[in-house]
Amino acid sequence: MESMFSSNRPGWAALLDEKVTAYLPDLKYVHDEPLARHTSFRIGGPATRMAFPTSGEQIVLLTGFAQECGVTPFLLGNGTNLLVADEGLDTLVIQTGEGLNRIALDGGIITADAGVSLARLGVFAWQHSLTGLEFAHGIPGSLGGGVVMNAGAYGTELAQIVSSVDCVSLHNGKPIHYSADKLDFSYRHSALMDTDVVVTQATLALAPGDPEAIRARMEACARARREKQPLNLPSAGSTFKRPEGHFAAKLIDDCGLRGLTVGGAQVSEKHAGFVVNVGGATARDMLELMRQIEQRVFEQTGVQLEPEVRILGTDEQKKEESI
């Protein structure tokens, strides 16, 4: 079975080019864009086509055009939780981090575009004396991607503050609205992960708070990240999900894997829960390193690690999709 990010009709890109030229002449739209430029791992081959919309309306048109051309687009936020194949993605990649970045406030309700970074949202909330987003300070990921995977840190998750999400269907380009009770949030999961939709906007319900206390909490989170995480090297954050009853980083460390290296990929010497690009790493390097970590941890502890990083366009992904 082909990857979900492969076209199923020859010549789809040329057909899409014609539609974009005719109906979206002002859209930033590029050919064969290296995805290594748009992921925090700094890894990934070219996207056959990449678009940078500035409104939900443009996303609706783009997804509709892609469907007509026989290709399933992929939504890319800030690329902080992705490992993209060295061969790239034969699809339309819709990048939201650059153009979809508006924030609005009504009382304690923040409405923000999917491309807004969680770090920026955290600062915005503090500036308006709203508490609940302190954990987001320093997280570079986008709101859209964060909602999909229920991002969180230091005991707080987006599930605790998200009140609704607006999306666009990848099948028919129609808008879909989800209230929080329909999102089935759990640890690093939401119902959106099992649905072919593009997040365009979300609303967050926050509580009034003391700005000094909020700032102190934000600074504590940022300080903990600087002290414990390898922020000086390209990574995708925590590589593996937290196994029930365990911590992935401790398991990896206890198995003596800190510093384990494959090509340019390495288990961080600062925090064993991160794999980092120490220079010139390929997706194959990362996947092999992750495979070795999973194998060694399972052999020594009996615990099966599960990637938190989303893997796109690789042979590993294709095998999973064919099951």
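Residues numbered from 1 in each chain as written. Predicted model: local features only at pLDDT ≥ 70, side-chain atom pairs only at ≥ 80, totals over all residues. Heavy atoms only, no water.

> How would you explain the sheet that holds strand S17 (residues 275–277) if you had to name every residue and give the values?
Across the sheet, three strands lie side by side as S15-S16-S17; this open sheet has antiparallel pairing. Each of the sheet's edge strands pairs with one partner strand only, and the pair in question is strand S15 (261–262) and S17. Examined bridge by bridge, strand S16 (residues 265–267) and S17 share three bridges and lie antiparallel to one another. Its bridge partner lying in S17, Gln266 is registered against Val276. Contacting S15, S16 and S17, helix H7 (residues 283–301) crosses the sheet at an angle of about 30° to S16. (Pairing = 2+ DSSP bridges. Helix = DSSP H or I, 4+ residues; strand = E, 2+ residues; numbered from the N terminus. Contact = heavy atoms within 4.5 Å. Axes fitted to C-alpha atoms, helices over the stretch in contact; angles between N-to-C directions.)

> An account of the sheet that holds strand S6 (residues 103–106) is requested, with residue identities and associated values reported.
The five strands lie next to each other as S6-S7-S13-S11-S12, forming an open sheet whose pairing is antiparallel. In the strand order of this sheet, the two ends are held by S6 and strand S12 (175–179), each with one partner. Here the average twist between neighbouring strands, direction ignored, is 20°. Relative to S12, strand S11 (residues 162–169) is paired through five bridges, and the arrangement is antiparallel. Bridging across to S12, Val165 finds its partner in Tyr178.

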